[in-house]
Amino acid sequence: MADDQRTRAPQPKGASGVVVFADGRVIWGQGFGAEGQAVGELCFNTAMTGYQEVMTDPSYARQVVAFTFPHIGNVGANDEDIEAVEAHALGCLVREPVTQSSNYRASDDFSGWMGKRGRIGISGIDTRALTRLVRREGPPTIAVAHNASGEFDLDGLQRMAAEWPGLEGMDLAKDVSRLQVERWSGGKWAWGQGYELGGDDDHRPHVVAIDYGSKRNIFRNLVEAGARVTVVPAQATFEEIMAHEPDGFFLSNGPGDPAATGEYAIPVIQKMLETQLPLFGICLGHQLLALAVGGMTSKMFQGHRGANHPVKRLGDGRVEITSMNHGFAVEREGLPETIRETHVSLFDGSNCGIELKDKPAFSVQYHPEASPGPQDSFYLFEKFVGMMR
């Protein structure tokens, strides 16, 4: 795909997948996974591994992921490497065709796994050119479609893309959150053993986690650090949360505009802070904590998504390589006096962590639970559980 392409490329023979931009640009490829069509925001992810974790991360709701690593799907799919029951990303764009799976843990091929979850994949895409486009123009709205017959309504797909309102102002946390309270059980994955059991000991400090679109590995790491975990829906009231007698609160990651989710989340978080119990937030939870104490958030030009993002820890100057997935950020300018900035991105200088000076609360923009990604930041779970003890 040429970077300056503004006209519809003719359909190549045998093309069964298509990407249509709101401005009319068209990219052809080979469809895999589910047949159908979807519309959302295009983003790119630079991780070399963990495509199942990415596709099932609720933070990718209403987004199509272009994987910059060319070989996606080679190791197949299984029932363990998922971060939520459903695949929340709308679909994915990849460079090379998805080959037959080749891994002893695979129970399905990636195309079949995508199809069973109603998610569209398109291969044969120049994802490097697509990434340059996003970096230059910001994340565009696109419609993706897969039809084995190769028949597409390009005008209709363009209208879908042009009429989609975009993520700014959109509250998606309530759409991806669990609806029932759940007592979480189980720790981290161990080679040859699967996921460890545990976390039910009533003598452990008790975390009540608010699910704005959480990843499972967060709860596994809380258990690993010594906590027991109860997960509640995004719209749980303060009274419902306190009925579980927490020793601390956790604010999860999630999709959408934090200002929109904050309409119902911020008053609850402010009451949590008044209890003086420890509070820890990740990603959307980080943004909501900042909003609750007078900070501001804004839509990023291209966002951060990948497993190799360097973050500087301001307290001691150390650098953590982190996993990230966010399109909104806390504004560094105008942070209230009650906030101390703790981490910044070494890619663009954006805020990546805060702590409150007058309350036992802290949060980070990145994903210390990884999955996929490096494990430099697991110490944050131990810090939080230590505060509760």
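So, how was this worked out
- Residues numbered from 1 in each chain as written.
- Predicted model: local features only at pLDDT ≥ 70, side-chain atom pairs only at ≥ 80, totals over all residues.
- Heavy atoms only, no water.
- UniProt positions renumbered as here; feature names shortened; annotations may be inferred.
- Pairing = 2+ DSSP bridges.
- Helix = DSSP H or I, 4+ residues; strand = E, 2+ residues; numbered from the N terminus.
- Axes fitted to C-alpha atoms, helices over the stretch in contact; angles between N-to-C directions.
- Parallel < 35°, antiparallel > 145°, perpendicular 65-115°, else oblique.
- Left-handed = near helix turned anticlockwise from the far one by under 90°.
- Contact = heavy atoms within 4.5 Å.
- Nonpolar A, V, L, I, M, F, W, Y, C, P; charged D, E, K, R; others polar.
- Phe/Tyr/Trp six-rings, centres within 6.5 Å; stacked < 30°, edge-to-face > 60°.
- Lys NZ or Arg CZ within 6 Å of the ring centre and 35° of its normal.
- Salt bridge = Lys/Arg side-chain N within 4 Å of Asp/Glu carboxyl O.
- Buried < 20%, exposed > 50% of the residue type's maximum accessible area, 1.4 Å probe, protein only.
- 1 Å grid on protein atoms, 1.4 Å probe; cavity = no way out; pocket = protein on both sides within 12 Å on 5 of 7 lines; lining within 4 Å.
- Points joined across faces, edges and corners; volume = space filled by probe spheres on them.
- Domains from an automatic or database assignment.

Taking an unreviewed UniProt entry as the reference, the protein chain is identified by name as Carbamoyl phosphate synthase small chain belonging to Sphingomonas sinipercae. The Sequence similarities (unreviewed entry) comment attached to the protein chain in UniProt states, word for word, "Belongs to the CarA family." Looking at the protein chain in UniProt, the text filed under Subunit (unreviewed entry) is "Composed of two chains; the small (or glutamine) chain promotes the hydrolysis of glutamine to ammonia, which is used by the large (or ammonia) chain to synthesize carbamoyl phosphate. Tetramer of heterodimers (alpha,beta)4."

A. Representation of the pairing of strand β15 (residues 297-313) in the model. Sheet topology places β15 next to strand β16 (residues 319-330); ten bridges connect them, and they run antiparallel. Bridge pairing in β16 places K299 opposite F328. Where β15 hands over to β16, the hairpin turn is made up of five residues, of which G317 adopts a positive phi near 80°. Bridge analysis of β15 against strand β17 (residues 339-345) gives three bridges, and the strand direction is antiparallel. Within the sheet, the bridge partner assigned to K312 lies in β17 and is V344.

B. The arrangement of the packing of helix α8 (residues 258-274) against helix α9 (residues 284-292) in detail. One can describe the packing of α8 onto α9 by two numbers: an axis separation of 8 Å at closest approach and a directional angle of 70°. Of the possible angle classes, the one that applies to α8 and α9 is roughly perpendicular. Considering the relative orientation of α8 and α9, their crossing is right-handed. Together, P258, A259, T261, G262, A265, I266, I269, Q270 and L273 of α8 and L284, Q287, L288, L289, L291 and A292 of α9 make up the contact between the two elements. Considering only residue class, the contact of α8 with α9 consists of eleven nonpolar, four polar and no charged.

C. Representation of the packing of aromatic side chains within the structure. Per the stated rule, a full pass over the model turns up eleven aromatic pairs. With a centroid separation of 5.6 Å and 70° between ring planes, the pair formed by F250 and F280 is classed as edge-to-face. On the criterion of sequence distance, the pair formed by F250 in strand β13 (residues 248-251) and F280 in strand β14 (residues 279-282) is long-range, its members being 30 residues apart. Taken together, the ring pairs in this structure connect F250, F280, F362, F381 and F384 into an aromatic cluster. Stacked on the ring of Y195, the Lys or Arg R220 has its end atom at 3.9 Å from the ring centre. The ring of F328 has K299 lying over it, and the distance from NZ or CZ to the ring centre is 5.6 Å.

D. Region of interest: the pattern of salt bridges. Counted under the stated rule, the structure contains 20 salt bridges. In this structure, the salt-bridge partner of D23 is R25, at a minimum N-O distance of 2.8 Å. On the accessibility criterion, R25 (4% relative accessible area) is buried. For K383, the salt bridge goes to E355, with nearest N and O atoms at 3.9 Å. With K383 in helix α10 (residues 379-388) and E355 in strand β18 (residues 351-356), this pair connects stretches of sequence that are 28 residues apart. Assessed through its relative accessible area of 34%, K383 is described here as partly exposed.

E. Structural detail: the layout of surface pockets. Considered as a void within the structure, the largest pocket measures approximately 720 Å³ in volume. Forming the boundary of the largest pocket are 32 residues, of which E53, D81, R105, W189 and S371 lie nearest the centre. Its residues assigned to classes, the lining of the largest pocket shows twelve nonpolar, twelve polar and eight charged. Each of domain 1 (17-163) and domain 2 (172-387) accounts for three or more of the residues forming the lining of the largest pocket.

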